[in-house]
Amino acid sequence: MTQATLPGTDTPPTAPHRPARIPVRAGWRVALLGGLGGVALLLAVLAVSLGSVRIPVSDVVRAILGQPTESPSWAFIVTEIRIPRAITALLAGAALGVAGLKMQTLFRNPLADPHLLGVNAGASFGVSLVLLGGGSALTGGVALSTVEGIGTVAAAALGAAAVMAVMLLVAALIRSTVIVIVIGVMVNAFVLAMVDMLVYYAQPEAVKTFTDWSAGSFQSVTWQALPVLAGMVLAGLALAVLSVKRLNLFLLGESYAASLGVSVRAFRWTLMAGAALLAGAVTAHAGPIAFLGIAAPHLARGLLRTADHRYLIPGAAVLGATIAVAASILTQLPGSEAVLPLNTTLALLGAPVVTWVLVRLGRGRGLEV
Amino acid sequence: MTRTTLALAAGLLLLSACAGAPAAESGDAGCARNHEPGRDYFPDKVSAQVSKQWQVGYRQNYKLLKVNAGPKTSLEQTDTAPRSYVLYQCGTPAPELTGELAGATAIRVPVRKAIDNPATLLGAFEVLAPEVLAGYGEFPGAETADKHLPQVSKRITDKTAVGVGHGDKLDTERVLNLGPQVMFAASGDKARFDKLGQGGVGVVFYDPFNETPLGSAEAVKFLSLFTNGEAKATAHYTAVEFRYRELTAKAAAAPAKPAVLVGINGHGRDFLAPQNDYLEPTLVRDAGGRTVFDLPGKALQRLPMEIMIERGASAEFWFRPDFVGKGATVKKILEGEPRLSRITALTSGKGIDRADPRVYAAAGLVNPDKLLADLVSVLHPDLLPGHQLSFLRRIEAG
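Quick caveat: nothing in here was measured; it's all calculated off a predicted structure. (Residues numbered from 1 in each chain as written. Chains lettered and ligands numbered in written order. Predicted model: local features only at pLDDT ≥ 70, side-chain atom pairs only at ≥ 80, totals over all residues. Heavy atoms only, no water.)

(A) Fine view of the overall build of chain B. Per the secondary structure count, chain B includes 14 helices and 16 strands. Within chain B, the fraction of its 398 residues that count as buried is 57%. Within chain B, residue pairs in contact and separated by at least 24 positions form 62% of the contacts whose partners lie at least 6 positions apart. For chain B, the exposed area adds up to about 16200 Å²; of that, 55% sits on carbon and sulfur atoms. (Helix = DSSP H or I, 4+ residues; strand = E, 2+ residues; numbered from the N terminus. Buried < 20%, exposed > 50% of the residue type's maximum accessible area, 1.4 Å probe, protein only. Contact = heavy atoms within 4.5 Å. Areas by Shrake-Rupley, 256 points an atom, 1.4 Å probe, with all protein chains shown as cover.)

Written as structure tokens, this is what we have:
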């Protein structure tokens, strides 16, 4: 377990300490956050303007304003594909960044991310039942018949919710955070093993469809689904903002947090529920999105040089959104007829950047959560 | 006059088939009793006229079959080198595997038991020798009795042909226990197949699904090499080819060539389009249509959804060769991906897909004339009035 350090210091606390007092560079951090937010919005505008189909900027503007475009398809592409995709990327990036931050703080582990809650595993299991169950010798079609008719979104949501419920129950019953995290790993392994069994016995073509879903996609979300996704993400982000003070106390360890009046078990449950809500909403709508949950918090710590959640929560949200939108643009390889899988693009784009930031800004300081 | 000629031709072909088979001269049906050096044991011969995947050369008592390396379609496929097979006549000595035969797999023919692991040769077995089929790739749907595969379906139903797993999930023990002389596979793990070879099973790599329509129809010829059923295969293929080319000529004369969107996508996913030399685009062109996308090659290509929407919106038809599932309706498709409402071919009732993906793969491939007839009747209804669809279906509104 990584030793926590106080915001703005290099040394672990030796006594209860008031965390997160606004440091002298508060104004700089706020400005940086504002700048990063601007970058995210600029990228979102680019995401609407750029794509596989070359649409003149004037027609993009006309499409947004609801005016006819030179080709009727252009308006449709801009309004029905690009804008929802950009908004989804912003929401998903922000949600996974914050969910990852909460998980890393909760478990005080730099490698923690929403996967530990079993969200992806549960969602994958739900979707695998729909896509693979009917073709599996294991289920003899029974599984398919029970879930047939519900879409992949609903199946993913149900699967994720089921596994999250187990993990939340575990979190409520078990006092030790370490045991909770180990049980999380076990639950994940168990659920993914069931998915593997379905995949193993499924038709190759169905496996391909499932693999497609597993690659993740921001363009899965339509205007009809967007309000649900946005509502869940905003609710999850609001919960995170409300948890700022207690998250900062958690940095000092559960004992200190408890001594300062935090109900550790209840707060842990709340944190997990909030992270699960954020990650579950994204996974259900866009498929399992890797990398953002673990990368955005580290990038935020590296750029903002603080462990203070007052900055880290908006930082992880904005940086997650920025990476997600950038990846969304790259997946479409503007101007070409080729596409890249989202998760691959996210890792290809983000991993070197995060590594560079961590090496450059965190040299010699170790990885701190 | 024509009927009489056809009947005579068919009779001659059957006689020729009987004369060519060495069954009459052996106690072990199909085997030669005594080897006669210099005798041509295979008077009936086939060759791959369209397929580029295989070629055969006939010697006196054996056939040298060469199969080109197919695409790497499996994670476990560790060997993609071209393969040679020496199919030697039962009752004659196996040739020494030296010189041009070095490295070849020797298989005694005619085979009595065979396994169709990719389950794409079931149609060929139906035409040639259903009794030889002992096992099949256990794909869902293969078990379903189908009018196009009555004899094969019966064998599957009464379990005289059993499932052996499929693809990389092949049940090696079950295969060995069945004791086939040959197993057809599309791809696989060389180490595992080597074990089958040590157990006396000749593993033959061949994928008719990776062919043009007439190339896939030559799967019947390919199988005939193992059953010594060349005459029957030639009769089948000749008839199929004749009808196919006749239909192609008819469709080519149609005044208009409707634009057809070919490919699939689902909820939020990008478009998976077959390239020009793939089965379905070839069928579309031969049926007097033109594909919306011009994609050189013979693989599946992923295209962005927005390209599909822009170019596909004005297509007159959507040929949606889905891999899985049956009975998709416009309503279900739109529930999954509402933005496909932009594809007017779908919403206006001009969407078509495979009636049954498995039967399409198994029986449709060796009867591409029927596939073509289905497509011609959809694209140019006036050319085939009253035609009943066999392997394709119109996507209903739901």
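(B) Representation of the sheet that holds strand β6 (residues 133–136) of chain B in the model. Residues and elements named next belong to chain B. As summarised here, the arrangement of the five strands in space is β7-β6-β5-β8-β9, forming an open sheet in which the pairing is parallel. The outermost strands of the open sheet, each flanked by one partner alone, are β7 (162–163) and β9 (202–205). Most of the contacts of helix α7 (residues 219–227) go to strand β8 (residues 182–185), to which it runs at about 160°, and overall it touches β8 and β9. (Pairing = 2+ DSSP bridges. Axes fitted to C-alpha atoms, helices over the stretch in contact; angles between N-to-C directions.)

(C) Structural context of the sheet that holds strand β15 (residues 351–354) of chain B. Residues and elements named next belong to chain B. The five strands lie next to each other as β12-β10-β14-β15-β16, forming an open sheet whose pairing is mixed. Every other strand in the sheet has two partners, leaving β12 (290–291) and β16 (392–394) as the edge strands with one partner each. Against the sheet, helix α9 (residues 279–286) engages β10 (259–262), β12, β14 (317–320) and β15, with an angle of about 170° to β10.

(D) How the structure looks around the packing of aromatic side chains. All names here are of chain B. Enumeration over the complete set of coordinates arrives at 11 aromatic pairs over all chains. When the centroid spacing of 6.3 Å and the interplanar angle of 70° are considered together, the rings of Phe125 and Phe184 count as edge-to-face. Of this pair, Phe125 sits in helix α2 (residues 122–128) while Phe184 sits in strand β8; the two residues are 59 residues apart in sequence, bridging distant segments of the chain. Phe184 sits in the buried class, given a relative accessible area of 0%. Ring geometry for Tyr206 against Phe222: centres 3.8 Å apart, planes inclined by 15°, an arrangement best described as stacked. (Phe/Tyr/Trp six-rings, centres within 6.5 Å; stacked < 30°, edge-to-face > 60°.)

(E) Focus on helix α8 (residues 230–252) of chain B. Across its 23 residues, α8 of chain B extends 32 Å between first and last C-alpha, which sits within 8% of the 33 Å expected from 1.5 Å per residue. Here α8 of chain B has its buried residues at Glu230, Ala231, Ala233, His236, Tyr237, Val240, Glu241, Tyr244, Leu247, Thr248 and Ala251 of chain B. (Expected span 1.5 Å × (residues − 1).)

(F) A look at the interface of chain B and chain A. Contact with chain B, which involves 27 residues of that partner, is made by 38 residues of chain A. The junction of chain B with chain A conceals about 2900 Å² of combined surface from both sides, 54% of it contributed by carbon and sulfur atoms. The largest share of the area that chain B buries against chain A comes from Arg269, Glu306 and Arg339 of chain B, three residues that together contribute 27% of it. At the junction of chain B with chain A, the criterion picks out three salt bridges. For Arg82 of chain A, the salt bridge goes to Glu306 of chain B, with nearest N and O atoms at 2.7 Å. (Buried area = accessible area lost by both parts, 1.4 Å probe. Salt bridge = Lys/Arg side-chain N within 4 Å of Asp/Glu carboxyl O.)

Function cannot be read off these values alone, since they describe shape.
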